[in-house]
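# Coordinate analysis (summary)
These are the residues of each chain, in order.
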Amino acid sequence: MSNSKTLADWQALAHSIRIPGQAIIDGKACDALSGKRFTPINPANGQPLGDVAECDAADVDVAVAAARRAFADRRWAGMAPGQRKRIMQRWAALIDEHTDELALLETLNMGKPISDSLSVDVPATSRCIAWYGEAIDKIYDEIAPTASNALATITREPVGVVAVVVPWNFPMIMAAWKLGPALAAGNSVVLKPAEQSPLTAIRLAELALEAGIPAGVLNVLPGFGPTAGKALGLHMDVDALAFTGSTDVGKLFMQYAGQSNLKKVGLECGGKSPHIILDDCEDLDAAATAAAWGIFFNQGEMCTAGSRLIVHEKVYDRVLAKIAEVAATLQPGDPLDPATSLGALVEHKHMERVLDYIRIGQEEGATLYLGGQQVRQDTGGAFVQPTVFSDVNNSMRIAQEEIFGPVLAAIRVKDADEALQVANDVCYGLGAAVWTSNINTAHRISRGLRAGVVYVNCYDADDITVPFGGYKQSGIGRDKSLHAFDKYTELKTTWIRLTGC
Ligand code: NAD
């Protein structure tokens, strides 16, 4: 299918697209045992998108049992690595073949611009699945350097049944970052997408079955956090749980593990990433443009959003002026319009939370430099202008708490040392950036930044080959790259006594 569609083409497709509305358990599409359903809403117009099975603890039991059977009889883990690789690659190819459908479902369900769904979400998802598929027959185990009377092998084994709980901001990519390594390692998976955005997860599982992933190996349970999510966290037969979402819910998953079977918990949580621009930066326009995109891309609904801009006082005014110039080109529009680069926030409830923070920033004494308003009310959608606060003090709530919307807090500093101190003075540690033309300053600041991903003279540069995750309360463990296998495998030492050697 071509991606040169117009707004009218996408609107027509939106009317006819099938809304995937059932859970996938043990290779079959099914309703929730309770028969309950819930209704995802298109946040760009407030209209219902059809309805979806509302799974809860009873369905979790059935799905985990199916995943356990699939793991126990080794229908997936026991398959030849080359064959598993081919199936994952066929799955990735099917994702590419369904680019328009998946992109449209993602945009309708969570409000992001169709151009982003097409150019970012779908290709990143298929690349992730293909990359981990390719890794399956490339990774070797180890032999320890023992004395000659022993052979000690160190092998990686799948952990077993993995539960995956993900958020709504990149529904497919966040799922793929877990499904890729978990399935490549030979596990069975039960995935619970966010209640706001279940559609593409269901469709991905349908395509996985079509590609040949055996029944029971990938199960998808649409449902709510406090019911289905909690039941997965507390389940006694889930061996590992991989979570992406807020820090508050991440902490709950640690508790669930402690209250149940001490399952391995991997957490990718929130952020309040510092974006430092120093006065020796040689291209201030590029830095300011990156700062604008770093907070406004995906409507600011980014775990790595560069939401704290920390700028040297000598260049502060110029940087803010350029950000305003870029923001003027990023006004919210219809997500189905290929020309739109800022879409709707995921739901009205979240928009109210973002608007609350804008009120809080004003009450705290920050200057509302740009934006701050809900717009496009006539559409029934949840749209907020790109917003910038200046004169922000790092102790303000808008500088410390994750807003998860298009709201930038700009802090003025007098030198690089103060920038580093302010950057680290927060409970999160996910992304961070520094712009400088001095290589020594770049090294010193990037080493000093307590964050899992540091960008130097760029922002949000990314590839599946590098690990992603957080220091401090931004999480535990890493997604992406070969390091992600640590979450989904156990290391086994087998010590063999040898005689006559
Ligand atoms: P959230 O924590 O509210 O929800 C995430 C998932 O947890 C959803 O599937 C939800 O249903 C489930 N959940 C909610 N309450 C639960 C409960 N009581 N028990 C069990 N499960 C529960 O997060 P969100 O609003 O969907 O997403 C936004 C958050 O995700 C932000 O904090 C953002 O920074 C974070 N995020 C982090 C990364 C990363 O890689 N570090 C990536 C994307 C998003």
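My aim in this report is to walk through the structure given alongside it, one point at a time. (Residues numbered from 1 in each chain as written. Predicted model: local features only at pLDDT ≥ 70, side-chain atom pairs only at ≥ 80, totals over all residues. Heavy atoms only, no water.)

What follows concerns helix H14 (residues 416–424). Those residues of H14 lying buried are Ala416, Ala419, Leu420, Val422 and Ala423. Around the axis of H14, the buried residues are gathered within 165° of arc, so they sit on the same side. Where H14 is buried, its residues contact strand E14 (274–277), strand E15 (308–312), strand E20 (407–413) and helix H15 (439–448). Taking the backbone nitrogen of Asp417 as reference, a side-chain oxygen 3.3 Å away marks Asp415 as the first, capping residue of H14. (Buried < 20%, exposed > 50% of the residue type's maximum accessible area, 1.4 Å probe, protein only. Helix = DSSP H or I, 4+ residues; strand = E, 2+ residues; numbered from the N terminus. Arc of directions from axis to C-beta. Contact = heavy atoms within 4.5 Å. Polar contact = N/O pair within 3.5 Å; in protein donor to acceptor, adjacent residues only side chain to side chain.)

Taken together, 30 residues surround the ligand, and among them Val166, Glu195, Ser246, Cys269 and Glu402 come closest. With respect to the ligand, the backbone of Gly225 contributes an N or O atom lying 3.3 Å from an oxygen atom. Look at the ligand: alone it shows 850 Å² of surface, and the protein chains cover 89% of it. Under a 2 Å grid-point criterion requiring more than half of the atoms, the pocket assigned to the ligand is the largest pocket. Broken down by class, the residue content of the shell around the ligand amounts to 18 nonpolar, 7 polar and 5 charged. Domain assignment of the residues forming the shell around the ligand places at least three in each of domain 1 (2–269 + 478–491) and domain 2 (274–456). (Near = heavy atom within 4 Å. Areas by Shrake-Rupley, 256 points an atom, 1.4 Å probe, with all protein chains shown as cover. 1 Å grid on protein atoms, 1.4 Å probe; cavity = no way out; pocket = protein on both sides within 12 Å on 5 of 7 lines; lining within 4 Å. Sits in = over half its atoms within 2 Å of the grid points. Nonpolar A, V, L, I, M, F, W, Y, C, P; charged D, E, K, R; others polar. Domains from an automatic or database assignment.)

Turning to the sheet that holds E14, a few remarks are in order. Here we have 7 strands laid out as an open sheet, ordered E16-E19-E20-E15-E14-E22-E23, and mixed in their pairing. Both edges of this open sheet fall to strand E16 (367–370) and strand E23 (453–456), since each of them pairs with a single strand only. Neighbouring strand axes in the sheet, compared pairwise and without regard to direction, differ in orientation by 25° on average. Here 4 bridges tie strand E22 (residues 431–435) to E23, and the two strands are oriented parallel to one another. (Pairing = 2+ DSSP bridges. Axes fitted to C-alpha atoms, helices over the stretch in contact; angles between N-to-C directions.)

Moving on, we get to the pairing of E20. Within a regular strand, the side chains alternate between the two sheet faces. With respect to burial, E20 is a largely interior element, 6 of its 7 residues being buried. Direction of pairing for E15 relative to E20: parallel, over a ladder of 5 bridges. Bridge assignment links Leu309 to a residue of E20, and that residue is Ala410. By the bridge criterion, 3 bridges tie strand E19 (residues 387–390) to E20 in an arrangement that is parallel.

Within the secondary structure layout, Asn169 lies in the loop between strand E9 (161–165) and helix H6 (171–184). Setting aside chain neighbours within four positions, we find Asn169 in contact with Met110, Lys112, Met174, Asn298, Glu301, Met302, Cys303 and Phe404.

Counting 102 residues, the largest nonpolar core has Trp91, Leu183, Ile277, Leu309 and Ile323 as the members making the most contacts within it. If one sorts the elements of this core by residue count, H6 sits on top with 10 residues. Both domains that meet at this core, namely domain 1 (2–269 + 478–491) and domain 2 (274–456), each give it at least three residues. Ignoring any residue separated from it by four or fewer positions in sequence, one finds Leu183 in contact with Trp76, Arg84, Met88, Trp91, Val189, Ile213, Val217 and Leu218. Core analysis: the second largest hydrophobic core is formed by 33 residues, Ile276, Ile310, Val413 and Leu449 among them. (Core = buried A, V, L, I, M, F, W, Y, C linked by side-chain atoms within 4.5 Å.)

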